[in-house]
Amino acid sequence: MTVAVRVIPCLDVDAGRVVKGVNFRDLRDAGDPVEMAQIYDAEGADELVFLDITASSDSRETTYDVVRRTAEQVFIPLTVGGGVRAVDDVNRLLRSGADKVSLNTAAVADPTLLQEAAERFGSQCIVLSVDARRAPGTPSGFEVTTHGGRRGTGLDAVAWAARGQQLGVGEILLNAMDADGTQRGYDLELIEVVRAAVSVPLIASGGAGQLGDFAPAVDAGADAVLAASVFHFGTLRIGAVKDALRDDGRLVR
Amino acid sequence: MKAAPSVVVLDYGSGNLRSAQRALQHVGAEVSVTDDVGAARECDGLVVPGVGAFAACMAGVRGVDGDTVVRDRLAAQRPVLGICVGMQVLYDAGNEHGVETAGVGVLAGRVERLHAPVLPHMGWNTVTPAAGSQLFAGVEDERFYFVHSYAVAPTGEDETLAEHGESFVAGVEHGVLSATQFHPEKSGAAGLHLLQNWVLSLS
């Protein structure tokens, strides 16, 4: 394989503003997702993920505007997720300038949504976001959670990822809820079991804390590595993550 | 000062066209996104975009008479740039799940599913530019952003190649007909440079 490992920063966006924004020296407004996206782009991000955590549906208009302004200025792929409930939401995000849309809770409630979206817009732009946590008693040992990890579903996470692929999604964004926020490294076991079950690209998310955390996730089977807080808070810079991967013999851009 | 080259991004209902429009504007073109056949015939450069399924894109292209416009433009030596599935539909045919769909047919070859352990081929990959490539001048060693599961096997013509599981055509430069399997509008500075090479060739 000659394709590079993708390093992807994730921005939590609430009513058009970045949550947990940091003060990079070169950033005028840490709360502006568009400016933040430009900084990440300049630092070598291979893709961007916006996670819309806006609670009120009125503020969704702001999200479309943010996506529109970002797509006009940042020429790398942009995935948008959070609160996507219907095929029409997918359409609006794509038409606003998103390259891919990720579905999570709504897809668990109605899996045919994945199929409809993939058939209408193409697999390449539909991402299944799986929030998985350890749950003894499920066949794989991991269950799917919804509502940002607050609700267990009893659904086996590995079986769900495989089902998503069957329904036509082009990529899996795998969030390890147990590792999320711990900065103790990715959940390698979770990555391995999901990798064994799917052949679409896999983005590992949750747990990145230091430069040495990224290569093991790639070895476990991730095609891309995503992180939020370490980039937000400036603990790690994207360039440094890529240098570490390169020094470790992985292909990066 | 000479007027900026006019570029039309053919709007036949396929995906995100905003990025292509902005990227081309960024490198100096006067860009409109339209399904207007007259504009598509008359502009200095026509971009045929495309994401998703070959059959759906081809139906969309035909729906706006894009196939005729492309053939007429090439006959009149007017530049055309196909991007991703917009490149694929320029070939003779595409085969998806055993169903064959005829393409515009201005390039000889068939679009088939890639053989690779992970599909879609998604991410930044290297290319081997065709000898004397104008499109890749200055960005020969850069990576470009790909997202596709189907491609054309090398035809033996002088073409730009890339590899994912197997070798495939990543770029075509046949006279006024250019095409890329990757998304230059999503390939950061390298992609903008490539688009600029194309836009400069229009004037």
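Here, every reference points to the structure presented above.
Residues numbered from 1 in each chain as written. Chains lettered and ligands numbered in written order. Predicted model: local features only at pLDDT ≥ 70, side-chain atom pairs only at ≥ 80, totals over all residues. Heavy atoms only, no water.

Remarks on the interface of chain A and chain B
Consideration 1: With 34 residues of chain A at the interface, the matching set in chain B holds 31 residues.
Consideration 2: Summed over both sides, the interface of chain A with chain B buries roughly 2600 Å², with 59% coming from carbon and sulfur.
Consideration 3: At the surface where chain A touches chain B, the tally comes to three salt bridges.
Consideration 4: Notably, a salt bridge pairs glutamate 72 of chain A with arginine 22 of chain B, separated by 3.4 Å at the nearest N-O pair. (Contact = heavy atoms within 4.5 Å. Buried area = accessible area lost by both parts, 1.4 Å probe. Salt bridge = Lys/Arg side-chain N within 4 Å of Asp/Glu carboxyl O.)

Regarding the sheet that holds strand 5 (residues 91–96) of chain B
All names here are of chain B.
Consideration 1: Strands sit in the order 6-5-7-10 across an open sheet of four strands; the sheet is mixed. Each edge of the open sheet is held by one strand with a lone partner, namely strand 6 (99–102) and strand 10 (150–152). Across the sheet, the axes of successive neighbouring strands diverge by a mean angle of 20°, strand direction being ignored.
Consideration 2: Relative to strand 6, helix 3 (residues 54–63) is tilted by about 25°, and along the sheet it contacts strand 5, strand 6 and strand 7 (107–113). (Pairing = 2+ DSSP bridges. Helix = DSSP H or I, 4+ residues; strand = E, 2+ residues; numbered from the N terminus. Axes fitted to C-alpha atoms, helices over the stretch in contact; angles between N-to-C directions.)

Some remarks on the environment of asparagine 91 of chain A
Residue and element names in this part refer to chain A.
Consideration 1: The residue asparagine 91 is located in helix 3 (residues 87–96) in this model.
Consideration 2: As for asparagine 91 and phenylalanine 121, which are separated by 30 residues in sequence, their C-alpha atoms are 8.0 Å apart.
Consideration 3: Excluding residues within four positions of it along the chain, asparagine 91 makes contact with Arg120 and Phe121.

Concerning the pattern of salt bridges
Consideration 1: One pass over the full model with this rule turns up 26 salt bridges over all chains.
Consideration 2: A salt bridge links aspartate 243 of chain A to arginine 246 of chain A, with the shortest nitrogen-to-oxygen separation between them at 2.9 Å. One end of the pair is aspartate 243 of chain A and the other is arginine 246 of chain A, both in helix 10 (residues 238–247) and three residues apart, which spans about a single turn.
Consideration 3: A residue is classified by how much of its surface remains accessible, and arginine 246 of chain A, at 41% relative accessible area, is partly exposed.
Consideration 4: For the salt bridge of arginine 110 of chain B with glutamate 112 of chain B, the shortest nitrogen-to-oxygen distance reads 3.0 Å.
Consideration 5: On the accessibility criterion, glutamate 112 of chain B (30% relative accessible area) is partly exposed.
Consideration 6: Here the salt bridges do not stand alone but share partners, grouping Arg6, Glu47, Lys100 and Glu171 of chain A into one network. (Buried < 20%, exposed > 50% of the residue type's maximum accessible area, 1.4 Å probe, protein only.)

The values reported here are purely geometric and, on their own, carry no functional implication.
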